[in-house]
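# Descriptive structure summary
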Amino acid sequence: MPFEIIIEKMVPQGWGLGRHEGKVIFVPYAAPADRLSVQIAKDKKTYAIAEILKILQPSPHRVEPLCPIFTKCGGCQWQHLDSETQLAQKMIWVAEGLKHFFPDEEIHLNPIVASPKNYFYRNRIRPHILHKQLAFFKAQSHELVPAEDCFIVEEPLRKMFQNSWPITDQPKRIELYLTEREQGMWKSLESEQLFEGFSQVNRFQNEHLVQTVVDWAQKESSYSEIWDFYCGAGNFTFPLHEKFRSQPIFGVELSAASLQQARKKTETMKSPPQFYLSSVENLLRRKVPKENSLIVLDPPRAGVDPTALAALTATKPKAIILVSCDLSAFLRDCSLILQQLRQENLKIKSFHISPFEMFPQSSHLETLALIQTEV
C-alpha cells in the first residue's frame, strides 16, 4: 500500500530516513527534505525499507546523476545529492558519533576535507567480465548490471570499459587499476600478479590525507620509534621517514605483494625503513614498540583487533594516529584506545579528529584521529 513520507536525514548506510505511523522507514536513493510516495519493500519489527514510487516534491539538494545506470548499479549511492549535502551529512554522522561515544571528552573536530575531484577519481575498481562486457553488482544483489562506462574512475580506466573482453564460462571478477605511470591495467583477482598501482583509491585526496598524518606526527619533535601498522606499500611510512630521518621507523603488513612493492622502494635508500611481513597480532607477540613511540594504524574496514590495541597501548606511546574507512569501527577503536591509555596512567594531552571525503558519490568516508599522551 503506497503512502507519503518526508525524509528527515541520511543515515550511514546511505539511505534516507523518514517515519510513518511511528515506525522508522529507510528509503534508498532519497534526499533530505524529499516528499515521496513509497511502498514497503522489506518490513521488519522495528523498521522498514521502502522503495520510491514517485517524487512528490523533490529536495532542493537533489541533482541529476551523471551515470545512466545509477540506482541499477550498486557502486554509487549518492549521485543524486549535491556535493555540499554529501559533505554536510557525513560531518553530521561524525559529530553525532563523537557526542554519543565521548560526551565528556575534549575533542578538536576539524571540518571535513572535500575531495579535489567528485567524479573520475578512483584509480582502482573491481567489476566482473560478463558476456564480453564489464558489469557491476546491482545494489544488495548478486545480479550483474552491464556497464558501458563508469563515472567515478580515472580516465584511463574509463576507456577500458569500451574493450571487448574475453568470453568466460562464468562471470569473472577482475581488478582494473592505474599504474604509477598512469596506465590502465587489469588482472584477475585469482592472479598472484604483483599489484603496482596506488595504495589509496583516491590519489588526489590521498595527498591531503598523508600530509595531515605527517603534520600531526610533527606536533612532537621526536619519538623513540615510529611504527606504521597495516602499512601497505608504505603510503605513510615513506613520508614519515622523510621527516624523521634520524629515528627508527618500521612498517608492518600482511600482504606480501604490498610489502614487496614497499621493499622495492628501499633498494636505493640510505637507512631505509624496516618492514615486517606479518599480521599485526603475530608481530606484537614477539616485538613491541618502545615507550614514547608514534603508532600509526591504518587497518581494514573491520578496525584494529582488540588484543593488538591492548598490546600497543601497554607500550605507553607518545602519540597514536588512527586512520579508518568505517565510522563505527573508528569510534569503537578510539574509545578503546582512550580507555586503555588511561589504564596505563597516561593523560590524554589532545584528541584531534579530521574527516576526509575519500569516496564521493557514496556514503563512505575516511576519518583520522590523533591521540597524544603525557605521563
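Below or above, wherever it landed, is the structure these notes cover.

Reading the values: the criteria
Residues numbered from 1 in each chain as written. Predicted model: local features only at pLDDT ≥ 70, side-chain atom pairs only at ≥ 80, totals over all residues. Heavy atoms only, no water. Helix = DSSP H or I, 4+ residues; strand = E, 2+ residues; numbered from the N terminus. Rg over C-alpha atoms; globule rule 2.2 N^0.38 Å. Buried < 20%, exposed > 50% of the residue type's maximum accessible area, 1.4 Å probe, protein only. Contact = heavy atoms within 4.5 Å. Lys, Arg positive; Asp, Glu negative; His and termini not counted. Charge placed at Lys NZ, Arg CZ, Asp CG, Glu CD. Pairing = 2+ DSSP bridges. Phe/Tyr/Trp six-rings, centres within 6.5 Å; stacked < 30°, edge-to-face > 60°. Lys NZ or Arg CZ within 6 Å of the ring centre and 35° of its normal. Arc of directions from axis to C-beta. Axes fitted to C-alpha atoms, helices over the stretch in contact; angles between N-to-C directions. Left-handed = near helix turned anticlockwise from the far one by under 90°. Nonpolar A, V, L, I, M, F, W, Y, C, P; charged D, E, K, R; others polar. Salt bridge = Lys/Arg side-chain N within 4 Å of Asp/Glu carboxyl O. Core = buried A, V, L, I, M, F, W, Y, C linked by side-chain atoms within 4.5 Å. Expected span 1.5 Å × (residues − 1).

Tallying secondary structure elements over the protein chain gives eight helices and 20 strands in all. Relative to the compact-globule value of 21 Å for 375 residues, the protein chain shows a C-alpha radius of gyration of 22 Å, a close match. The buried share among the 375 residues of the protein chain stands at 53%. Here the contacts in the protein chain between residues at least 6 apart in sequence split such that 63% fall between residues at least 24 apart. Charge-centre separation for the protein chain: the mean point of 43 positive side chains lies 2 Å from the mean point of 43 negative side chains.

This brings us to the sheet that holds strand S6 (residues 47-57). Strand order in the open sheet formed by six strands is S1-S5-S6-S4-S3-S2, with mixed pairing between adjacent strands. At either end of the open sheet lies a strand with only one pairing partner, and these are strand S1 (3-6) and strand S2 (9-10).

With respect to topology, eight strands assemble into an open sheet ordered S7-S19-S20-S18-S17-S14-S15-S16, the strand pairing being mixed. In the strand order of this sheet, the two ends are held by strand S7 (108-109) and strand S16 (274-277), each with one partner. Note: strand S18 (residues 319-324) against strand S20 (residues 366-374), six bridges, orientation antiparallel. The residue of S20 that forms the bridge with Val323 is Leu368.

What follows covers the packing of aromatic side chains. One pass over the full model with this rule turns up 16 aromatic pairs. For the pair Trp227 and Phe229, a centre-to-centre distance of 5.5 Å together with 10° between the ring planes defines the contact as stacked. Members of the aromatic cluster, each reached through a chain of ring pairs, are Trp227, Phe229, Phe250 and Tyr276. Here Arg158 stacks its cationic end above the ring of Phe151, 5.2 Å away from the centre of that ring. The positively charged end of Lys287 is found above the aromatic ring belonging to Phe250, 5.6 Å away from the centroid.

Let's shift gears to the environment of Leu56. Tracing the chain through its elements places Leu56 in strand S6. Those residues in contact with Leu56, other than ones at most four positions away along the chain, are Glu4, Arg35, Leu36 and Ser37.

What helix H5 (residues 256-265) keeps buried is the set Ser258, Leu259, Gln261 and Ala262. For H5, the angular spread of buried residues about the axis comes to 155°, placing them on one side.

For the rest of this paragraph, the subject is the packing of helix H7 (residues 306-313) against helix H8 (residues 327-343). Axis separation between H7 and H8 bottoms out at 9 Å; the angle between their running directions is 35°. Our pair here, H7 against H8, has a crossing hand that is right-handed. Residue-level inspection shows Pro306, Leu309, Ala310 and Thr313 of H7 in contact with H8, the latter providing Asp333, Leu336, Ile337, Gln340 and Leu341. Considering only residue class, the contact of H7 with H8 consists of six nonpolar, two polar and one charged.

With that out of the way, let us pick up the pattern of salt bridges. Where charged atoms of side chains with opposite charge meet at close range, the side chains can pair. Overall, the coordinates contain 16 salt bridges when judged by the stated rule. One salt bridge in this structure joins Glu105 and Arg342, with 2.5 Å as the shortest N-O distance. One end of the pair, Glu105, is in the loop between helix H1 (83-101) and S7; the other, Arg342, is in helix H8, and 237 residues separate them in sequence. Overall, Arg342 belongs to the partly exposed group, its relative accessible area being 40%.

Another point: the nonpolar core. Counting residues in each nonpolar core, the largest one holds 49 residues, and the members touching the most others are Phe161, Leu176, Phe236, Leu240, Leu294 and Ile321. Elements with a contribution of two residues or more to this core: strand S10 (133-137), strand S12 (172-178), helix H3 (203-217), strand S17 (294-297), S18 and S20. Of the residues forming this core, the biggest block, seven residues, is contributed by H3. Apart from residues lying up to four places away in sequence, Phe236 is in contact with Leu209, Val210, Val213, Asp228, Val296, Asp298 and Val323. If you look at the next biggest cluster of nonpolar residues, it comprises 39 residues, including Trp93, Phe330, Leu331 and Ala369.

Turning to the environment of Thr315, a few remarks are in order. Assignment of secondary structure puts Thr315 in the loop between H7 and S18. Among the residues examined, Thr315 registers a relative accessible area of 10% and is labelled buried. A sequence separation of 133 residues divides Thr315 from Glu182, and the C-alpha atoms of the two residues are 41 Å apart.

Okay, H3 next. Helix length check: H3, at 15 residues, gives a terminal C-alpha distance of 21 Å against a target of 21 Å (1.5 Å per residue), a fit within 8%. Within the span of H3, buried status applies to Arg203, Phe204, Gln205, Asn206, Leu209, Val210, Thr212, Val213, Val214, Trp216 and Ala217. Looking at the packing, one finds that the buried side of H3 touches S12, helix H4 (237-243), S17, S18, strand S19 (347-356) and S20.

Turning next to the pairing of S20. Of all nine residues in S20, eight are buried, a share of seventy percent or more. The sheet contact formed by S19 and S20 spans nine bridges and is antiparallel. Pairing of Lys347 across the sheet is with Glu374, part of S20.

Any functional reading would require information that these geometric values do not contain.
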